[in-house]
Amino acid sequence: MIIKKLFIGLIFLGFSSASHAALKIDITEGYEGALPIAVIPFQWNGGSKLKNGDVSAIVVSDLARSGKFSPVAEKDLIAKPQKLADVHYKTWRIAGMDHIVIGSVTAQKDGTYQVQFRLIDILKAKQVLGYNFKATKGTIRNIAHQISDYIFTHITGMPGAFSTRIAYVTTSTDKKKGKVSRLQVSDTDGYDPQTLLTSNQPIMSPAWSPDGSELAYVSFENGQAEIFTHNIRTGNRKSRSSFKGLNGSPAWSPDGKKLAITLSKDGNPDIYILTLANNKLRRLTNHWSIDTEAVWTPDGESIIYTSGRSGKPQLYRQSLSSNSRPDRLTYEGGYNASASISADGKYLAYVHGESVYYRIAIMELATKSSRILTDGPLDESPEFAPNNSMILYASQEKRSAVLSAVSTDGRQKQRLAFSDGEVREPTWAAVRY
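Residues numbered from 1 in each chain as written. Predicted model: local features only at pLDDT ≥ 70, side-chain atom pairs only at ≥ 80, totals over all residues. Heavy atoms only, no water.

*Asks:* Outline the overall build of the protein, listing residues and values.
*Replies:* When helices and strands are tallied, the protein shows 5 helices and 31 strands. Rg of the C-alpha trace for the protein: 23 Å, near the compact-globule value of 22 Å for 433 residues, within the 12% margin. Taking the principal axes of the C-alpha coordinates as reference, the protein spans close to 70 × 50 × 40 Å. By residue count, 55% of the 433 residues in the protein fall in the buried class. Of all intrachain contacts in the protein linking residues separated by at least 6 positions in sequence, the fraction that spans at least 24 positions is 46%. Summing over all exposed atoms, the protein offers an accessible surface of approximately 19000 Å²; the carbon and sulfur share of this is 47%. Charge-centre separation for the protein: the mean point of 52 positive side chains lies 3 Å from the mean point of 41 negative side chains. (Helix = DSSP H or I, 4+ residues; strand = E, 2+ residues; numbered from the N terminus. Rg over C-alpha atoms; globule rule 2.2 N^0.38 Å. Buried < 20%, exposed > 50% of the residue type's maximum accessible area, 1.4 Å probe, protein only. Contact = heavy atoms within 4.5 Å. Areas by Shrake-Rupley, 256 points an atom, 1.4 Å probe, with all protein chains shown as cover. Lys, Arg positive; Asp, Glu negative; His and termini not counted. Charge placed at Lys NZ, Arg CZ, Asp CG, Glu CD.)

Okay, here's the thing in structure tokens:
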């Protein structure tokens, strides 16, 4: 089963589409506990609205996608105040609103835009947050995501993650070239996808560096599995591992100086630690079974990986200290693999397989208690959002591969469908480079 999982990407790869095609995000399941908030359409001054720069609409979308908020639809707004003095607090309180957001976008003579917003606490009857930004056509969407981050953080006390980016692999079928794979990067709402690599061979296992400047991934472009690192701004690529056999599952250390990788150059697939500065390898596991899919704990002192040493794929934690022994984490079910650790180190998301169903589960590491978050039937590649509020994963819908997201409490779900082809292997940057 682990071997099947190691190469599961090969089965579905075939992606595609032009780089301008974007992901479409639909919220498929919400919940009643979401906080009510009204985002008043921002007033535009000195020019017409930018086609893809409706700041207030972007904020509404972000907050709704978080699962923590329930923004009021524009048609249901009881008023549309543009200034603080226009806010009638009693009316909004009667309507059951906790917060409202007002703002404006003003075109400047130099071609830039001044973006201003205010967060108003209705119960306290006062402004509790407000900022001004200078934006260009190219940065205005990111400014909108930053506004969402500020609002999210102020109300929930959690860091926002709207202004970061996601990477994923897409596949499509070209009449002349056959199946085409692309490694793409986009905003967290699927907008502005950029293609980093196009290949007629599979691309697998993208992983962000801690500073968001690079991706590590596996490419078969040279006829076998090979691990590369890729600077997303300069385009500079480096081959990091091209041994005979398997080169797979790269994972960055928290300091960005090392990669945990899976190699079979010495026999069975095992976990190795690669120091990037000098290409020095250290073998961490040495077992007759398959050890793969390592991820680092936030303190950089341990890794968690998938192993078949118990007879079936299960998750193990192992210290990086010499002569350490692995600690088995999962026992329920015949398949537990593909771990992702929350940024605070408290939770583990993973694929839990039972019968023919593969679902995303979450475990509290302190107690090892776990629960199922998704419905399957083929959910894989879970990845925590940097603020731990959501888990991004790949799923199947009508025999097509799509990305989905679920809140860590399982109560809010969304689907990210690609307009032309399939999308898999999601990874979420901790910061925006």
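*Asks:* Describe unusual backbone geometry, and please don't skip the residues or the numbers.
*Replies:* Cis geometry marks the peptide bond from Gly 376 to Pro 377; its omega dihedral reads 10°. For Asn 279, which is not glycine, the phi torsion reads 60° and is therefore positive. Inspection of the secondary structure puts Asn 279 in the loop between strand 17 (270–275) and strand 18 (280–283). According to the relative accessible area criterion, Asn 279 is partly exposed, its value standing at 49%. Positioned with a positive phi, Ser 355 is a non-glycine residue whose angle comes to about 60°. Along the chain, the position of Ser 355 falls in the loop between strand 24 (347–354) and strand 25 (357–364).

*Asks:* Give a detailed account of the sheet that holds strand 22 (residues 327–328), specifying residues and quantitative values.
*Replies:* Pairing between the strands of a sheet is mediated by backbone hydrogen bonds and can be parallel or antiparallel. Taken together, 4 strands build an open sheet; the order of strands is 19-20-21-22 and the sheet is antiparallel. Looking at which strands have only one partner, the edges of the open sheet turn out to be strand 19 (291–296) and strand 22. By the bridge criterion, 6 bridges tie strand 20 (residues 302–307) to strand 21 (residues 314–319) in an arrangement that is antiparallel. If you follow Ile 303 over to strand 21, its bridge partner there is Gln 318. (Pairing = 2+ DSSP bridges.)

*Asks:* So what's going on with helix 5 (residues 140–156)? Which residues, and what values?
*Replies:* For helix 5, with 17 residues, the first-to-last C-alpha span of 24 Å sits near the 24 Å given by 1.5 Å per residue. All of the buried residues in helix 5 are Ile 140, Arg 141, Asn 142, Ile 143, Ala 144, His 145, Ile 147, Ser 148, Asp 149, Ile 151 and Phe 152. Of the residues one or two after helix 5, Gly 157 is the one with positive phi, at around 80°. (Expected span 1.5 Å × (residues − 1).)

*Asks:* Talk me through the packing of aromatic side chains; I want residue IDs and the actual numbers.
*Replies:* Under the defined criterion, the tally for this structure stands at 11 aromatic pairs. Taking 4.4 Å as the distance between ring centres and 20° as the angle between the ring planes, the aromatic pair formed by Tyr 131 and Tyr 150 counts as stacked. A residue pair is termed long-range when its members are at least 10 positions apart, and Tyr 131 in strand 7 (residues 126–135) and Tyr 150 in helix 5 qualify at 19 residues. Classification of Tyr 131 by relative accessible area gives partly exposed; the value is 35%. The side chain of Arg 141 reaches across the aromatic face of Tyr 191, ending 3.8 Å from its centre. Residue placement shows Arg 309 over the ring face of Tyr 316; its charged tip is 5.7 Å from the ring centre. (Phe/Tyr/Trp six-rings, centres within 6.5 Å; stacked < 30°, edge-to-face > 60°. Lys NZ or Arg CZ within 6 Å of the ring centre and 35° of its normal.)

*Asks:* Account for the pairing of strand 7, with residues named and values stated.
*Replies:* Note: strand 6 (residues 113–121) against strand 7, 9 bridges, orientation antiparallel. Paired with Leu 119 across the bridge in strand 7 is Leu 129. Counted between consecutive antiparallel strands, the loop separating strand 6 from strand 7 contains 4 residues, among which Ala 125 sits at a positive phi close to 55°.

*Asks:* Before we move on, could you go through the sheet that holds strand 23 (residues 335–341) and cite the residues and values that matter?
*Replies:* On the basis of which strands lie adjacent, the open sheet formed by 4 strands has the order 23-24-25-26 and antiparallel pairing. Each end of this open sheet is capped by a strand with a single partner; those strands are strand 23 and strand 26 (369–372). Taking each pair of neighbouring strands and ignoring which way they run, the sheet shows an average axis angle of 30°. Relative to strand 25, strand 24 runs antiparallel, the two being bridged by 8 bridges. From the neighbouring strand, His 352 faces strand 25, where its bridge partner is Arg 359. (Axes fitted to C-alpha atoms, helices over the stretch in contact; angles between N-to-C directions.)

*Asks:* Help me get a handle on the pattern of salt bridges, residues and values and all.
*Replies:* Tallying each qualifying case throughout the model produces 14 salt bridges. Note that Lys 80 is salt-bridged to Glu 74, the shortest N-O span being 3.3 Å. One network of salt bridges, with partners in common, ties together Lys 265, Asp 266, Asp 270 and Arg 283. (Salt bridge = Lys/Arg side-chain N within 4 Å of Asp/Glu carboxyl O.)

*Asks:* Give a detailed account of the confidence of the model for the protein, specifying residues and quantitative values.
*Replies:* In this model, the protein carries an average pLDDT of 89, and 92% of its residues clear a pLDDT of 70 or more. Predicted confidence for residues 1–21 stays below pLDDT 50, and this span has 76 contacts to residues more than four positions away or in other chains. (pLDDT = per-residue confidence, 0-100.)

*Asks:* Explain the nonpolar core residue by residue, including any values.
*Replies:* Core analysis: the largest hydrophobic core is formed by 26 residues, its most contacted members being Val 55, Val 115, Phe 117, Ile 147 and Ile 151. If you list the elements that add at least two residues to this core, you get strand 2 (35–39), helix 3 (55–65), strand 5 (99–107), strand 6, strand 7 and helix 5. At 6 residues, the largest contribution of residues to this core is made by helix 5. If we skip the residues at most four places from it in the chain, Val 115 touches Val 55, Ser 104, Val 105, Tyr 131, Asn 132, Phe 133, Ala 135, Ile 140, Ile 143 and Ile 147. (Core = buried A, V, L, I, M, F, W, Y, C linked by side-chain atoms within 4.5 Å.)

*Asks:* Now, about empty space enclosed by the protein: what can you tell me, with residues and values included?
*Replies:* Counted by the stated rule, this structure contains 1 cavity of 30 Å³ or more. Of all elements in the fold, only strand 28 (390–397) and strand 30 (413–418) reach the threshold of two or more residues within the lining of the largest cavity. When grouped by side-chain class, the residues that make up the lining of the largest cavity number 10 nonpolar, 5 polar and 1 charged. (1 Å grid on protein atoms, 1.4 Å probe; cavity = no way out; pocket = protein on both sides within 12 Å on 5 of 7 lines; lining within 4 Å. Points joined across faces, edges and corners; volume = space filled by probe spheres on them. Nonpolar A, V, L, I, M, F, W, Y, C, P; charged D, E, K, R; others polar.)

*Asks:* Please give an account of helix 3 that cites residues and values.
*Replies:* The buried fraction of helix 3 amounts to 8 of the 11 residues, a majority that puts the element mostly inside the structure. Along helix 3, the residues that are buried comprise Val 55, Ser 56, Ile 58, Val 59, Asp 62, Leu 63, Ala 64 and Arg 65.

*Asks:* Before we move on, can you summarise the packing of helix 3 against helix 5 with the specific residues and values?
*Replies:* Close contact between helix 3 and helix 5 brings their axes to 9 Å; oriented N to C, the two are set at 45°. Classed by the angle they form, the pair helix 3 and helix 5 counts as oblique. Crossing geometry of helix 3 relative to helix 5 is assigned as right-handed. Here helix 3 contributes Val 55, Ile 58, Val 59, Asp 62 and Leu 63 to the contact with helix 5, which in turn contributes Ile 140, Arg 141, Ala 144, His 145, Ile 147, Ser 148 and Ile 151. Considering only residue class, the contact of helix 3 with helix 5 consists of 8 nonpolar, 2 polar and 2 charged. (Parallel < 35°, antiparallel > 145°, perpendicular 65-115°, else oblique. Left-handed = near helix turned anticlockwise from the far one by under 90°.)

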